[in-house]
Amino acid sequence: MIDTIYFEEEVVDHPRALGLFERFPKAQRIPCSHYKEVFNPSGQNFRLQKKKPALILAKNSGKKVHSVPATYGIGGSRNYYFSHMLNCLYDCRYCFLQGMYPSAHYLLFVNYEDFFTEIKDLSDQEPTTPSWFFSGYDCDSLALENLTRFAESALSFFQTIPQAHLELRTKSVATQVLEKHTPLENVVTAFSFTPQEISDQLENQVPSISMRISAMRRLAEKGWKLGVRLDPIIDCQDFDKRYDSLISEIFDQVPSDSIHSVSLGPFRLPSPFFKKMEKLYPSEPLFAGNFEKRGRSISYPKEMEAQRIGTCRQLLLSRISPEKLFLCQPVED
């Protein structure tokens, strides 16, 4: 799976680095003084690297936990996100990561405990107010759990601070770490979906909808809280029919009392990211869609966006109560 491991010299003796060296004994090991020497140079070919990513092991020495825009969230007033890893196992054509980063290599920050310290410090600032911490914005929270074992560490940590809430966002069915763990009231595992026809075209290597729903059912049976994320919402032919089918398939099979929240997110990309992604995939029909520039971002025209979100909202409100539904609306430029 991993043929090459770059590592910062500072982490060469870190227990997680040593564990990964042991698990991939045949991988070429290449030291560097800082991960940016490997990850940041311009002129790298994201498409080529995506075929066989290397692993970069590093220490995040900067700020690790960041505020989430006020228009995001699932009911909490104190919302943050963090990224123990950059880049993803999957290859979704609409993913902003390929526009944001010059490299497709997996960048893993091995100093998990420093992330947890920041999370606890933020949570302790207002201990009577629940704080939400979102994982899975710059990677998939579970897809590489067999490699990172991050979720395993995170569950052990969040078990000790019940006033802090964790969202693990994923398209993966690698839920074994959760199935083996006692369910926690302050952890939500949120699965992202697009209709199967769109997933087949745009979400390379992502498990099928039926497989993801099966994973959700397994977690529900164990007592875990679940989230459904329709984000981004992609325009398509027969939009109403396809999203109706998707929503019906999910909510016909997943117990309603296990659903913690459902969120809708419109398609939106910073203009530079969109242009870079167009160049990476010049023949991709997605990028020839009906988009417009709004401020510094590319998105569907406002009227179309509102219509598509409205359709999904109506479909969902026939299945869930309004207090469980959230619109993750990007801040207007």
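All of these numbers come straight from a predicted model, not from anything done at the bench.

### A look at the side chain of Thr-148
Stage number 1. Tracing the chain through its elements places Thr-148 in helix α6 (residues 145–148).
Stage number 2. Setting aside chain neighbours within four positions, we find Thr-148 in contact with His-84, Met-85, Leu-108 and Tyr-112.

### Focus on the packing of aromatic side chains
The geometry of two aromatic rings is summed up by the distance between their centres and the angle between their planes.
Stage number 1. Counting across every chain of the model gives 22 aromatic pairs.
Stage number 2. Summarising the aromatic geometry, the rings of Phe-7 and Phe-21 are spaced 5.3 Å apart at their centres and angled 70 degrees between planes, so their arrangement reads as edge-to-face. Of this pair, Phe-7 sits in strand β1 (residues 4–8) while Phe-21 is found in helix α1 (residues 15–23), placing the two residues 14 residues apart along the sequence. Here the two residues Phe-7 and Phe-21 agree in accessibility, since each one is buried.

### What about the sheet that holds β1?
Stage number 1. If you walk across this open sheet you meet the five strands as β2-β1-β3-β8-β6, and the pairing is mixed. At either end of the open sheet lies a strand with only one pairing partner, and these are β2 (28–32) and β6 (85–86).
Stage number 2. In this sheet, strand β8 (residues 106–109) lies alongside β6 in antiparallel orientation, the contact comprising two bridges. Bridge pairing in β8 places Leu-86 opposite Leu-107.
Stage number 3. Across the sheet, α1 is in contact with β1, β2, β3 (55–58) and β8; its angle to β3 comes to roughly 155 degrees.

### Here we look at unusual backbone geometry
Stage number 1. Cis geometry marks the peptide bond from Asp-231 to Pro-232, where omega comes out at 5 degrees.
Stage number 2. Looking at where Pro-232 falls in the secondary structure, it is placed in strand β13 (residues 225–233).
Stage number 3. Even without a glycine there, the phi angle at Asn-87 is positive, about 85 degrees.
Stage number 4. Residue position: Asn-87 is located in the loop between β6 and β7 (91–92).

### A short note on the nonpolar core
As a rule of thumb, nonpolar side chains are buried together in soluble globular proteins.
Stage number 1. Counting 109 residues, the largest nonpolar core has Leu-57 and Phe-193 as its most contacted members.
Stage number 2. The contacts of Phe-193, once residues within four sequence positions are left out, are Ile-209, Arg-212, Ile-213, Met-216, Val-228, Arg-229, Leu-230, Asp-231, Leu-246 and Ile-250.
Stage number 3. With six residues, the next largest nonpolar core counts Val-68, Ile-74, Trp-132 and Phe-326 among its residues.

### Let's talk about the sheet that holds strand β16 (residues 292–294)
Stage number 1. Pairing is antiparallel across the open sheet formed by three strands, whose spatial order is β15-β17-β16. Of all strands in the sheet, those bounded by a partner on one side alone are β15 (268–270) and β16. Each strand axis lies, on average, 35 degrees off the axis of its neighbour in the sheet, ignoring direction.
Stage number 2. Across three bridges, β16 lies against strand β17 (residues 297–299) in antiparallel orientation.

What counts, and at which threshold
Residues numbered from 1 in each chain as written. Predicted model: local features only at pLDDT ≥ 70, side-chain atom pairs only at ≥ 80, totals over all residues. Heavy atoms only, no water. Helix = DSSP H or I, 4+ residues; strand = E, 2+ residues; numbered from the N terminus. Contact = heavy atoms within 4.5 Å. Phe/Tyr/Trp six-rings, centres within 6.5 Å; stacked < 30°, edge-to-face > 60°. Buried < 20%, exposed > 50% of the residue type's maximum accessible area, 1.4 Å probe, protein only. Pairing = 2+ DSSP bridges. Axes fitted to C-alpha atoms, helices over the stretch in contact; angles between N-to-C directions. Core = buried A, V, L, I, M, F, W, Y, C linked by side-chain atoms within 4.5 Å.

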